[in-house]
Amino acid sequence: MPETFRVGLLGHGTVGSAFEALLGERADAIEPITGTRPEISGVLTRSRSSFEEVLAGSDLIVELMGGLEPAREYVLQAMRAGKHVVSANKQLLSQHGEELWAAAREHGVQLRFEGAVAGVVPVIRVLQESLAGARIERVHGIVNGTTNYILSEMAATGISYEQALGQAQGLGYAEADPTDDVTGKDAAAKMAILARLAFSTPVHIDQVRYEGIELITADDMAYARDLGLGLKLIGTAERAGDGINVRVHPAFLYAAHPLASVHGPFNAVTVESDAITEITLSGPGAGGPQTASAVLGDVISAMIPPATTPEATEELPIVEDVESAFYIHLEVADRPGVLAQIAEILGLQGVSVKSVVQEGLGADARLVMVLHPLLESRFYAALRMIGQLDFMRSPPRAIRVIDEEFV
Ligand SMILES: NC(=O)c1ccc[n+]([C@@H]2O[C@H](COP(=O)([O-])OP(=O)(O)OC[C@H]3O[C@@H](n4cnc5c(N)ncnc54)[C@H](OP(=O)(O)O)[C@@H]3O)[C@@H](O)[C@H]2O)c1
């Protein structure tokens, strides 16, 4: 194997430039995993280099130009030249996927595209590899971060669709021309790709029915809130009779639904199959550095033979003492000064109390507290001291609390 692995980069915009930066940062860490050091060997933009030059000098092509042509032609030419290709181009794959996958098979190269659907959420890999043996019944999810941000803001603050869209554009979550996102077309392209993988049948974007969020009003959101419902732009690909149905539309969800808690520019995809029940994957749905991370993962996969677990490259210590938040449940004699003594012990160990509930139980009382995160060693030191107090009616009970708040 050559000492360097040459990556030709087509496109140097939001994702392309983030990809080049990430590859530079991670090259030292990738070399021991793959046996070769990846480097950018050429970059193509409208004003930089030529495709022929980039192709000739590379072992693998990363296509981050977007659009249909010349991206399609370049990807085909690269595969014909025996080079693996990594792309994040959902429009290309949802319209010309069959032609491109056939070319990859014919030329014995990989065409990887994790970044094309749900940003960094590894749903392509999960469908193609982890769940390759499962008969999938349904894939549904929130696959467009822009619309999810807009709907989340409308729900949280009561602002109009137009105001939320303006906010999304200001934060860089929506493009100057947001048509593909807000009409559901972007999500439709992603659902066509997911359906193709889930059901092993060709699915073109033209076969996906889609509706967008442009007609949603602040009133819809207010009523939904009163009814305990949240509104999301949901993509669904499912078996229907002998065939499949693939669609994108706004839909209300009850609060307990796994997709209801996905807020802001996040994406989430739920895969359902009798064999696995249900798996939900979620994470950032777009963004330069995030998508670049998915693209780099694909490049590394293409660099190493499949199904190998590389040698461990690190020797990281196992850290035993970590921070956790705790719930504690204490049964105590109901007499003056009990709470003060417990508070003193907690204070000495630096434990800070988030909430307390006290309940009388005849001559006894029950104290339930939720504590802010602290080192477990300090918490257990405090708990041991509390357990020795003479007014304790039973050993104290403690359960960890995961108090992370998801955006
Ligand atoms: N942005 C995201 O968060 C995101 C997330 C997931 C997937 N993606 C996908 O990733 C791809 C790239 O998106 P992006 O946001 O990085 O796009 P972008 O910022 O518009 O960058 C596109 C790049 O491609 C180059 N390019 C376009 N057409 C070209 C042509 N005909 N010849 C040579 N160079 C050409 C542009 O060159 P110039 O600089 O000369 O114009 C630019 O450098 C798209 O397929 C997109 O759907 C993006």
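See the structure shown above.
Values in this document were obtained by computation on a predicted structure and should not be read as measured data.

A. Summary view of the pairing of strand S13 (residues 353-361). Examined bridge by bridge, S13 and strand S14 (residues 364-375) share eight bridges and lie antiparallel to one another. Within S14, the position partnered with Ser 355 by the bridge is Val 370. Two successive antiparallel strands, S13 and S14, enclose a turn made up of two residues, where Gly 362 displays a positive phi of approximately 70 degrees.

B. Summary view of the packing of helix H5 (residues 123-130) against helix H9 (residues 185-199). Taken N-terminus to C-terminus, the directions of H5 and H9 make an angle of 15 degrees; their axes are 9 Å apart at the nearest point. Between H5 and H9, the crossing angle belongs to the class labelled roughly parallel. H5 and H9 meet at a crossing whose hand is left-handed. The residues of H9 that touch H5, namely those facing Val 123, Ile 124, Leu 127 and Gln 128, are Ile 193, Leu 194 and Leu 197. Partitioning the contact of H5 with H9 into residue classes produces six nonpolar, one polar and no charged.

C. Molecular detail of helix H7 (residues 161-170). Every buried residue belonging to H7 is among Tyr 161, Ala 164, Leu 165 and Ala 168, and all of these are buried. Along the long axis of H7, the arc covered by the buried residues comes to 100 degrees, so they all point the same way. The outward face of H7, more than 90 degrees from its buried face, is lined by the exposed residues Glu 162 and Gly 170. Its buried side turned inward, H7 meets helix H6 (145-157) and helix H8 (179-182). Where H7 ends, the next residue or the one after it, Gly 172, has phi of about 80 degrees, a positive value.

D. Looking closely at the nonpolar core. Met 79, Leu 111, Ile 150 and Leu 194 are the most contacted members of the largest nonpolar core, which has 71 residues in total. Examining the composition of this core, we find that 11 residues originate from one element, H9, more than from any other. Discounting chain neighbours no more than four positions away, the residues touching Leu 194 are Val 117, Val 123, Ile 124, Leu 127, Val 139, Val 143 and Val 269.

E. Just the packing of aromatic side chains, in detail. Applying the stated criterion across every chain yields a total of six aromatic pairs. For the pair Tyr 149 and Tyr 173, a centre-to-centre distance of 4.9 Å together with 55 degrees between the ring planes defines the contact as tilted. Of the two residues, Tyr 149 is situated in helix H6 and Tyr 173 in the loop between H7 and H8; the sequence distance between them amounts to 24 residues. The class of Tyr 149 is buried, set by a relative accessible area of 7%. Judged by relative accessible area, Tyr 173 falls into the partly exposed class, the value being 35%. Pairwise contacts between aromatic rings join Phe 326, Phe 379 and Tyr 380 into one cluster.

F. Representation of the sheet that holds S14 within the structure. Spatial strand order, S13-S14-S12-S15: four strands in an open sheet with antiparallel pairing. The strands lining the two open edges of the sheet, one partner per strand, are S13 and strand S15 (397-401). On average, adjacent strands in this sheet sit at an angle of 20 degrees to one another, irrespective of strand direction. Relative to S15, strand S12 (residues 323-333) runs antiparallel, the two sharing five bridges. The partner of Ala 325 across the bridge, within S15, is Val 401. Its contacts with the sheet put helix H13 (residues 376-387) on S12, S14 and S15, and the angle it makes with S14 is roughly 160 degrees.

G. Here's a closer look at the site of the ligand. For the ligand, the set of nearby residues contains 18 residues, the closest of which are His 12, Thr 14, Val 15, Arg 46 and Gly 287. With respect to the ligand, the backbone of His 12 contributes an N or O atom lying 2.8 Å from an oxygen atom. One of the side-chain nitrogen or oxygen atoms of Lys 90 is found 3.3 Å away from an oxygen atom of the ligand. When the residues that make up the shell around the ligand are grouped by side-chain class, the tally is six nonpolar, 10 polar and two charged.

H. Focus on the side chain of His 329. Position of His 329 among the secondary structure elements: in strand S12. A relative accessible area of 11% means that His 329 is categorised as buried. In terms of polar contacts, His 329 uses its side chain to reach the side chain of Arg 366, at 3.3 Å. Those residues within four positions of His 329 in sequence are excluded, and the remaining contacts are Arg 366, Leu 367, Val 368, Pro 396 and Arg 397.

I. Fine view of the pattern of salt bridges. By the definition in use, this model includes 23 salt bridges. Ionic pairing is found between Arg 6 and Asp 59, a salt bridge with its closest N-O pair at 2.9 Å. One end of the pair, Arg 6, is in strand S1 (residues 4-10); the other, Asp 59, is in the loop between helix H2 (51-56) and strand S3 (60-63), with 53 residues separating them in the sequence. Owing to a relative accessible area of 29%, Arg 6 belongs among the partly exposed residues under this scheme.

J. Broad picture of the environment of Gln 167. For Gln 167, the position within the fold is in helix H7. Gln 167 gets classed as partly exposed once you look at its relative accessible area, which sits at 32%. Separated by 14 residues in the primary sequence, Gln 167 and Glu 153 have C-alpha atoms spaced 8.9 Å apart. Residues in contact with Gln 167, not counting those within four places in the same chain, are Tyr 149, Glu 153 and Ile 159. Looking at Gln 167, its side chain comes within polar contact range of the side chain of Tyr 149, at 3.1 Å.

What counts and how
- Numbering of residues starts from 1 in each chain and follows the order in which that chain's sequence is written.
- With pLDDT at 70 or above as the cut-off, local features in this predicted model cover only qualifying residues; side-chain atom pairs require 80 or more to be listed or tallied, and sums for whole chains, interfaces and linings still use all residues.
- Side-chain figures throughout are based on the complete set of non-hydrogen atoms in the structure, without hydrogens or water.
- Strands were regarded as paired on the criterion that DSSP finds at least two bridges between them.
- Note on conventions: DSSP H or I runs of at least 4 residues are helices, E runs of at least 2 residues are strands, and numbering of each starts at the N terminus.
- Axes, fitted as lines to C-alpha atoms, cover a helix only where it is in contact. Angles between the N-to-C directions of the axes lie from 0 to 180 degrees.
- Orientation categories follow fixed angle ranges, with anything under 35 degrees roughly parallel, anything over 145 roughly antiparallel, 65 to 115 roughly perpendicular, and all other angles oblique.
- We call a crossing left-handed when the near helix sits turned anticlockwise from the far one by less than a right angle, and right-handed when that turn is clockwise.
- A contact between two residues is defined here by any heavy atoms of the two lying within 4.5 Å.
- Three residue categories are used. Nonpolar comprises Ala, Val, Leu, Ile, Met, Phe, Trp, Tyr, Cys and Pro, charged comprises Asp, Glu, Lys and Arg, and polar comprises the others, including Gly.
- Any residue under 20% of the maximum accessible area for its type is buried, any over 50% is exposed, and the rest in between are partly exposed; the area is computed with a 1.4 Å probe on protein chains only.
- Think of the arc as the fan of directions from the helix axis to the C-beta atoms.
- The definition of a nonpolar core used throughout is a set of buried Ala, Val, Leu, Ile, Met, Phe, Trp, Tyr and Cys residues joined through side-chain atoms within 4.5 Å.
- A pair of aromatic rings is counted whenever rings of Phe, Tyr or Trp (Trp by its six-membered ring) have centres within 6.5 Å, and the orientation is called stacked for planes under 30 degrees apart, edge-to-face for over 60 and tilted otherwise.
- Residues are labelled near a given molecule or strand when at least one of their non-hydrogen atoms is within 4 Å of it.
- In the analysis that follows, any N or O atom pair within 3.5 Å is treated as a polar contact, provided that within protein one partner can donate a hydrogen and the other can accept it, and provided that, for residues neighboring in sequence, both atoms belong to side chains.
- Each salt bridge in this description consists of a side-chain nitrogen of Lys or Arg and a carboxyl oxygen of Asp or Glu lying within 4 Å of one another.

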